[in-house]
Amino acid sequence: MDKLMETTLSILMGSRLTLEIFVVTLALALPVGLLAALARLSHLRLLSRVMEVYIWIMRGSPLMLQLLFVYFALPLVGIKIDPMPSALLAFTLNYAAYFAEIFRAGIQSIERGQYEAAKTLGMSYTQTMRRIILPQMIHRVLPPVSNETINLVKDTSLIYILAMNDLLRVARTIVQRDFDMTAFFIAGIFYLTMTAFLTWGFKRLEEHFGKYDE
């Protein structure tokens with residue numbers, strides 16, 4: 001029993017880093033993704049093209065490769081970043097690209113007539129987006145955003161390549177030390193608990209924003 005408690009506490013400590021990576025990445029990637037989506041839809045051709053290339057690169061290459069590039073390749077050109085900022089930079093840029101495409105599709109799904117009606121009422125582009133388009137878009141993109149958010153929880157395990165003691169790395173270390181698979185089962189419970197909480201939270205959000213489609 002003492003050994004089980006010790007294992008659980010060790011994994012709990014590792015989960016703190018996992019949650020930190022998750023929360024900070026989500027807090028940064030969502031607004032960056034929205035800005036990237038708006039830039040992608042911009043009438044400024046150069047800006048739209050730059051965002052298109054950025055999204056293509058981030059979505060077209062593995063997240064692990066991006067982590068390795070930020071942490072190991074950038075120092076070769078004189079840019080050295082510690083493990084934690086490296087992980088946050090790679091995760092944020094990667095997930096912002098995915099969120100950008102989700103937001104872009106959500107914005108484009110809004111009927112064109114709503115823009116014209118807002119313009120007739122004298123509303124500016126910013127007012128139209130904030131009061132009419134974005135509230136509807138949020139409800140429509142919640143399911144894919146939920147999926148990407150759950151993927152983010154699982155992808156945090158990739159930071160093991162930067163020798164950071166996240167939830168999964170701690171569990172693997174315990175298994176290798178004790179030759180006991182219990183730590184993996186406990187780690188699985190932690191991941192399932194986090195995804196269950198996120199699923200519940202997004203379900204509540206869908207119910208809240210559902211009024212905009214009524």
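Cut-offs and rules
- Residues numbered from 1 in each chain as written.
- Predicted model: local features only at pLDDT ≥ 70, side-chain atom pairs only at ≥ 80, totals over all residues.
- Heavy atoms only, no water.
- Core = buried A, V, L, I, M, F, W, Y, C linked by side-chain atoms within 4.5 Å.
- Buried < 20%, exposed > 50% of the residue type's maximum accessible area, 1.4 Å probe, protein only.
- Helix = DSSP H or I, 4+ residues; strand = E, 2+ residues; numbered from the N terminus.
- Contact = heavy atoms within 4.5 Å.
- Phe/Tyr/Trp six-rings, centres within 6.5 Å; stacked < 30°, edge-to-face > 60°.
- pLDDT = per-residue confidence, 0-100.
- Polar contact = N/O pair within 3.5 Å; in protein donor to acceptor, adjacent residues only side chain to side chain.
- Salt bridge = Lys/Arg side-chain N within 4 Å of Asp/Glu carboxyl O.

### Thoughts on the nonpolar core
Phase 1 of the analysis: Formed by 62 residues in total, the largest nonpolar core has its most connected members in Ile-11, Ile-21, Leu-67 and Phe-91.
Phase 2 of the analysis: Contributing elements (two or more residues each) for this core: helix H1 (2-40), helix H2 (45-60), helix H3 (63-73), helix H4 (83-108), helix H6 (125-155), helix H7 (167-178) and helix H8 (182-209).
Phase 3 of the analysis: In terms of residues, this core owes the most to one element, H4, which gives 13 residues.
Phase 4 of the analysis: Excluding its chain neighbours within four sequence positions, the residues that come into contact with Phe-91 are Ile-21, Thr-25, Leu-63, Leu-67, Leu-152, Asp-155, Thr-156 and Ile-159.

### What to know about the packing of aromatic side chains
In this description, a pair of aromatic rings is defined by centroid distance and the angle of the planes.
Phase 1 of the analysis: Counting across every chain of the model gives 5 aromatic pairs.
Phase 2 of the analysis: Relative to Phe-103, the ring of Phe-99 lies with its centre 6.2 Å away and its plane at 25°, an arrangement referred to as stacked. Of the two residues, Phe-99 and Phe-103 both sit in helix H4, 4 residues apart, roughly one turn of that helix. As far as burial versus exposure is concerned, Phe-99 and Phe-103 are alike and both buried.
Phase 3 of the analysis: Within the aromatic cluster, the residues linked to one another by ring pairs are Tyr-95, Tyr-98, Phe-99 and Phe-103.

### Concerning the confidence of the model for the protein
Phase 1 of the analysis: When pLDDT is averaged along the protein, the result is 89; 97% of the residues meet or exceed 70.
Phase 2 of the analysis: Confidence scores differ between elements of the protein, with helix H5 (residues 112-120) showing the lowest mean pLDDT of 80 and H2 the highest of 96.

### Side note on the environment of Ala-36
Phase 1 of the analysis: Note on placement: Ala-36 falls in helix H1.
Phase 2 of the analysis: Residues within four places of Ala-36 in sequence aside, it is in contact with Met-51, Tyr-54 and Ala-100.

### Considering the side chain of Glu-101
Phase 1 of the analysis: Within the element layout of this structure, Glu-101 appears in helix H4.
Phase 2 of the analysis: Within polar-contact distance, the side chain of Glu-101 engages the side chain of Arg-104 at 2.9 Å.
Phase 3 of the analysis: Once residues within four sequence positions are removed from consideration, Glu-101 is found in contact with Ile-55 and Arg-59.

### A word on the pattern of salt bridges
Phase 1 of the analysis: For the structure on display, the rule yields 7 salt bridges.
Phase 2 of the analysis: As a salt-bridge pair, Glu-101 and Arg-104 come within 2.9 Å of each other at their nearest N and O atoms. On the criterion of helical spacing, the pair formed by Glu-101 and Arg-104 is a turn pair, its members being 3 residues apart in helix H4. Of the two residues, Glu-101 and Arg-104, neither departs from the other in class, the shared state being buried.
Phase 3 of the analysis: Among the salt bridges present, the one from Arg-177 reaches Asp-178, with a minimum N-O distance of 2.8 Å.
Phase 4 of the analysis: The class of Asp-178 is partly exposed, set by a relative accessible area of 22%.
Phase 5 of the analysis: The network of salt bridges with shared partners includes Arg-40, Arg-49 and Glu-52.

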